[in-house]
Amino acid sequence: MGLNGFILQSCTFAILIFSLHIANGDMSFSFPEEMKRGSVIGNIAKELGLDATRLSSRKARIDNEGNYKQFCEINLSDGDLIVVERIDREGLSERIDREGLCAKKAPCILKQELVLENPLELHRISIRVTDINDNSPQFKEDSLRIEISESADKGARFLLDEAHDGDIAENAVQGYTLQQNDHFTLNVKTKGSGRKYGELVLDKELDREERQEIMLLLTAMDGGSPQRSGTVVIHVTVLDANDNAPVFSQTLYKASLPENSPLDTVVVIVSATDADEGVNGEVTYGFDHVSDENSNAFSLNPKTGKVSVTGPIDYEKESSYEMQISAKDGLGLASYATLIIDIIDINDNAPVIIIKSLANAIPENVSPDTEVGIINVQDRDSENNRQVRCSIQQNVPFKLVPSIKNYYSLVTKGELDRELVSDYNITITATDEGSPPLSSSKTVQLSVADVNDNPPVFEEQSYSAYVTENNKPGSTLCSVTARDPDWRQNGTVIYSLLPGEVNGAPVSSYLSVNGDTGVVHAVRSFDYEQFRSFKVRVMARDSGSPPLSSNVTVSVFISDVNDNSPQILYPSAEGNSFMTELVPKAAHGASLVSKVIAVDADSGQNAWLSYHIVKSTDPGLFAIGLHSGEIRTQRDISESDSMKQNLIVAVKDNGQPSLSATCVMYLLISDNLAEVPELKDMSHDESNSKLTSYLIIALVSVSTFFLTFIIVILGVRFCRKRKPRLLFDGAVAIPSAYLPPNYAEVDGTGTLRSAYNYDAYLTTGSRTSDFKFVTSYNENTLPADHTLKKSPTNFAEVFGDHEGSPER
């Protein structure tokens, strides 16, 4: 194989704003025919300066140009260009017929194309198939018969059939030799096409009476190495005198014939005349030398000289025919003329659309002018008949951009959105400029690949959930729904709670959301009295890469349930203490005596309170406001009214069912506390009895605890004689666990059951004690700051049932 050289050119095209690098370079290789399959022609990677390891990733491939069969391919591992079909001019089985491809044309060049993608590059490859001398010259017939009159003059010339050699150039016929004889010599001439032929020259006059037939051996030789030759036997018959040879009307006949002409179409009529008479003047026409291809295409009537079409005429296979026509008279004298038939191309071949490259799937976020396919359009016709216009329909976001030669790039011309259109059927139409024009179409399908470009979208801008307090944990509050138009994992939505706090606690301790369904559940039971509403943020996230998300606010509203009884602030609840109000004797009707103050932790109608007197000493004397709780006299106080009046007041809310609380109000009708006889009878006997029992138990408990504490202290002091004595200030701290019921220590961290404080001031050195009534720590309660002054004896009588005098 001889590598003649290569030419590599690079060009960069900027079409519109289509940023695509397309290189156009020519490479030339040369190798002889008859190379075996697998033989290396050359290395493309080295010729182009490419890294051979990138050929596979760039989808390197060899495409044929025109209608040629693919004769070679590229080895993607090393970049070698190798033969895939054995090349032989004779066209044997599984061989490339050089003569079939190029006939007598020299040089014989096969045009191939190297296509590289990412980016697109197109390199033309010209492969020159050089001829080797593998064919011997051959004559059309095994013997040539020539009839020559004995009267022929010395120097007369007789045209001989030329030998045919399938090879070309120096390997074709280069000369002829004639066997030594007494009458003839050989004159070798060259035609305008370069073919050589021989003329038999009469060197010595003939005498039929001396010799009627002469046998000669003509040898044709090529110029190859080694040289090949072919022979033919010439039978010369000596005839009686024939003075005139036929004469053609033209030495060169030219005719034009449209391709695809029907059979028996007359192309031309040749004519020759002979001045002799009789048999010597009868002219017979024939093809002197014609190739097999020409003989199958045309016929010559031997009598009329009419040349007719006998086979298919295809301009794309043969554009011109040249033939030698002979005219012979009856005694063998001949003359010759040349016939050239030019084939006229007609537009009989529609363009052929070839998809060279096409993207399997196009991401929907590709930018405009992105190449998605490479289209090649070919037309076998010539001139205007092969000029092709290529187009696609207008309603698609794609366009065809002319690239190199007959290549087009299919590029995007707008934004793609898979959610609107996921597949495109693009019809490519190619139309030539013949008359009439021919066209062809091809439909390609392009799929748009999904890109995670759509975040989930909630069906509502915000969601509200309503739940009653004291709900069960795990109960469903509401459901949120988000849609994602993307495909597969890009459209799979997962729900979750965004981090946050509600009343200082993580939001996850209050609510949970099902990641697949978006159903929001309560994690705990809610208390309306703690908080009435709160907001959380729910996130919907898809499973794309990177994931996209959106948020929505879920407002949870807690509705109240009547689960709290009214709480009486003043007076304190029954059994806690004795609250005494003084009512002047001169009080008139509708005078305000006192007021019951109560609150309800619920809201709405569950917190609407109403006040009722359940029981009273004198039912007609006092009345209470239904909604205000104010206790007023219904009439003027009279002397006959009992000094001690007890009222049992019930406070009810408006819930369903209604809850209530009661208290006892003690009233003294007196202008002066000293006029009060005995206060102890103001309490109910049963209450006094119970209170006395409670006080006795409490006293015993405290005494026992005190004695135990003293014993423990003495034991500790006995065990630790050497340690300093413990000093006490006389006050013993009693743990809150030992406090009586309804009492609690106040140290800033405990919780009082009631917002009241009771102070007792006792003096041991005097006969009188000050009892200070309730002082409220609640600004919204009414103060009662009355002072009862009484001797210890009288005070003991009042509280006698409660373990006597408070003095210790």
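For the structure given in this document, a descriptive report is provided here. Everything numeric here is computed off the predicted structure, so don't read it as measured data.

### Examining the overall build of the protein
- The helix and strand tally for the protein stands at 5 helices and 58 strands.
- Looking at the 808 residues of the protein, the share that counts as buried comes to 41%.
- For the protein, the share of sequence-separated contacts (at least 6 apart) that also reach a separation of at least 24 residues comes to 66%.
- As displayed, the protein has an accessible area near 43,300 Å², and 50% of this comes from carbon and sulfur atoms.

### What to know about the sheet that holds strand E28 (residues 371-378)
- Pairing is antiparallel across the open sheet formed by 4 strands, whose spatial order is E26-E28-E31-E30. Only two strands of the sheet have a single neighbouring strand rather than two, namely strand E26 (352-358) and strand E30 (398-402). Averaged over all pairs of adjacent strands, the angle between their axes in this sheet comes to 30°, without regard to strand direction.
- Summarising the sheet, E30 and strand E31 (residues 407-412) pair through 5 bridges and their orientation is antiparallel. The partner of lysine 399 across the bridge, within E31, is valine 411.

### A short note on the sheet that holds strand E10 (residues 143-149)
- The 4 strands lie next to each other as E10-E16-E15-E12, forming an open sheet whose pairing is mixed. Because the sheet does not close on itself, it has two edges, and the strands there are E10 and strand E12 (173-178). Averaged over neighbouring strand pairs, the angle between their axes works out to 25° when direction is ignored.

### Concerning the pattern of salt bridges
- What the rule picks out here adds up to 11 salt bridges.
- Between arginine 635 and aspartate 618 there is a salt bridge, with its nearest N and O atoms 3.0 Å apart. Residue arginine 635 is located in the loop between strand E51 (630-633) and strand E52 (644-652), and its partner aspartate 618 is located in the loop between strand E49 (610-616) and strand E50 (622-624); the two are separated by 17 residues in the primary sequence.
- When its relative accessible area of 30% is taken as the criterion, arginine 635 is described as partly exposed.
- Judged by its relative accessible area of 22%, aspartate 618 falls in the partly exposed class.
- Here glutamate 630 and arginine 632 are joined by a salt bridge, their closest N and O atoms 2.9 Å apart.

### Focus on the pairing of E52
- Along E52, 7 of the 9 residues are buried, which leaves the element largely enclosed by surrounding structure.
- As defined by bridge partners, E49 adjoins E52 across 6 bridges and the pair is classed as antiparallel. Directly across from lysine 615, in E52, lies its bridge partner isoleucine 648.
- Where E52 and strand E53 (residues 660-669) come together, 9 bridges link them in antiparallel fashion. Bridging from a neighbouring strand, lysine 644 pairs with leucine 668 of E53.

### Considerations on the pairing of E51
- Burial along E51 is one-sided: Ile631 and Thr633 are buried, while Glu630 and Arg632, pointing the other way, are not.
- In the sheet, strand E47 (residues 592-595) pairs with E51 via 3 bridges, with the strands oriented antiparallel. Across the sheet, residue serine 594 finds its bridge partner in E51, namely isoleucine 631.
- Hairpin connection from E50 to E51: 5 residues lie between these consecutive antiparallel strands, with glycine 629 at a positive phi of about 80°.

### Digging into the environment of asparagine 672
- Here asparagine 672 is to be found in the loop between E53 and helix H4 (685-719).
- Taking the C-alpha atoms as reference, asparagine 672 lies 9.8 Å from valine 583; in sequence the two are 89 residues apart.

### Focus: the environment of serine 151
- Structurally, the position occupied by serine 151 is in the loop between E10 and strand E11 (157-159).
- Residue serine 151 is classed as partly exposed on the basis of its relative accessible area, which comes to 34%.
- Sequence separation between serine 151 and arginine 208 is 57 residues, and the spatial gap between their C-alpha atoms is 9.3 Å.

Basis of the calculations
Residues numbered from 1 in each chain as written. Predicted model: local features only at pLDDT ≥ 70, side-chain atom pairs only at ≥ 80, totals over all residues. Heavy atoms only, no water. Helix = DSSP H or I, 4+ residues; strand = E, 2+ residues; numbered from the N terminus. Buried < 20%, exposed > 50% of the residue type's maximum accessible area, 1.4 Å probe, protein only. Contact = heavy atoms within 4.5 Å. Areas by Shrake-Rupley, 256 points an atom, 1.4 Å probe, with all protein chains shown as cover. Pairing = 2+ DSSP bridges. Axes fitted to C-alpha atoms, helices over the stretch in contact; angles between N-to-C directions. Salt bridge = Lys/Arg side-chain N within 4 Å of Asp/Glu carboxyl O.

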